[in-house]
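Examining the three-dimensional arrangement
Below, each chain spelled out in residue letters.
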Amino acid sequence: MGYNSRRLHRVPLIYTTNRKKRLQFAHAHQNWTVEDWKNVAWSDESRFLLSHSDGRVRIWRKQNENMDPSCLVTTVQAGGGGVMVWGMFSWHTLGPLVPIGHCLNATAYLSNVSDHVHPFMTTMYPSSDGYFQQDNEPCHKARIISNWFLEHDNASHKSPSTARCYPINMGQHF
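Computed from a predicted model, the values in this text were never measured in an experiment.

1. Observations regarding the packing of aromatic side chains
- One pass over the structure, following the stated rule, counts six aromatic pairs.
- Taking 4.6 Å as the distance between ring centres and 50° as the angle between the ring planes, the aromatic pair formed by W32 and W37 counts as tilted.
- Here W32 falls in the buried class, since its relative accessible area comes to 15%.
- We classify W37 as partly exposed; its relative accessible area is 25%.
- A ring pair is formed by W37 and W42, whose centres lie 5.9 Å apart and whose planes are at 15°; its orientation type is stacked.
- The class for W42 is partly exposed, based on a relative accessible area of 27%.

2. Describing helix α4 (residues 143-151)
- All buried positions along α4 are accounted for by I145, W148 and F149. Burial along α4 is one-sided: seen end-on, the buried residues are contained in an arc of 95°. Of the residues in α4, the exposed ones pointing more than 90 degrees away from the buried face are R143, L150 and E151.

3. Examining the environment of W91
- Structurally, the position occupied by W91 is in the loop between β2 (82-90) and β3 (94-100).
- Since its relative accessible area comes to 55%, W91 is described here as exposed.
- Distance from W91 to V40, taken between C-alpha atoms, is 7.5 Å for residues 51 residues apart in sequence.
- In this structure W91 touches V34, K38 and V40, once residues within four positions along its chain are discounted.

4. Thoughts on the environment of S90
- When you line up the elements, S90 lands in strand β2.
- Classification of S90 by relative accessible area gives buried; the value is 9%.
- Along the sequence, S90 and N39 sit 51 residues apart, while their C-alpha atoms lie 7.5 Å from each other.
- Not counting the four nearest positions on each side in its chain, S90 is found in contact with V40, A41, F120, M124 and Y125.

5. Observations concerning the confidence of the model for the chain
- For the chain, per-residue confidence averages 78 on the pLDDT scale, and 80% of positions sit at 70 or higher.
- When mean pLDDT is taken per element in the chain, helix α2 (residues 34-37) scores highest with 93 and strand β5 (residues 171-173) scores lowest with 51.
- The low-confidence segment residues 155-171 (pLDDT under 50) makes 46 contacts with residues lying over four places distant or belonging to another chain.

6. A short note on the pattern of salt bridges
- In this structure the tally under the stated criterion is one salt bridge.
- Taking the shortest distance from any N to any O, the salt bridge between K38 and E35 comes out at 3.0 Å.

7. Here we look at the pairing of β2
- Sheet analysis places strand β1 (residues 40-49) next to β2, joined by nine bridges and oriented antiparallel. When the bridges of β2 are listed, L49 appears paired with G82.
- Taking the residues between adjacent antiparallel strands as the criterion, β2 and β3 are bridged by three residues.

8. Examining the nonpolar core
- Counting residues in each nonpolar core, the largest one holds 20 residues, and the members touching the most others are W86, M88, Y109, V117, M121 and F132.
- Broken down by element, this core gets its largest block of residues, seven residues, from helix α3 (residues 106-124).

Rules used in this analysis
- Residues numbered from 1 in each chain as written.
- Predicted model: local features only at pLDDT ≥ 70, side-chain atom pairs only at ≥ 80, totals over all residues.
- Heavy atoms only, no water.
- Phe/Tyr/Trp six-rings, centres within 6.5 Å; stacked < 30°, edge-to-face > 60°.
- Buried < 20%, exposed > 50% of the residue type's maximum accessible area, 1.4 Å probe, protein only.
- Helix = DSSP H or I, 4+ residues; strand = E, 2+ residues; numbered from the N terminus.
- Arc of directions from axis to C-beta.
- Contact = heavy atoms within 4.5 Å.
- pLDDT = per-residue confidence, 0-100.
- Salt bridge = Lys/Arg side-chain N within 4 Å of Asp/Glu carboxyl O.
- Pairing = 2+ DSSP bridges.
- Core = buried A, V, L, I, M, F, W, Y, C linked by side-chain atoms within 4.5 Å.

Spelled out as structure tokens, the structure:
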């Protein structure tokens, strides 16, 4: 009948509220030009596994080849480890790539923002026309992060007509 055993496709989970926020963001910025987007710096963090894939690996083999070296994958006790990095980039340049040595919570993220985001933004956008964009990660929305951005928001360089760049949860104008 044409049916075969297949793996499910993996897609990112996007909650209904997040879909609405993404749509609002798209509508709010649909008229931005390339010049507008050149003033945005983006950031994200990613985890990379060092010794294996966390996805299911499939191979083609014959029934009696199950112990053939070409049909085996080695394992490492305790998973083999990984590395998490945080980075940022803009139209103009790449920002720092920062190794994250532990779980990224709000306190660790605050340290990252103060040590790397602020210097990058003030260097790249000295006339305060840059926007910092981050995703909807829970540690990005923490009160201490919002308070830090409010304290370091240089309102004297903003014009009242400046369109603020809000990411899925929040943005920061520098």
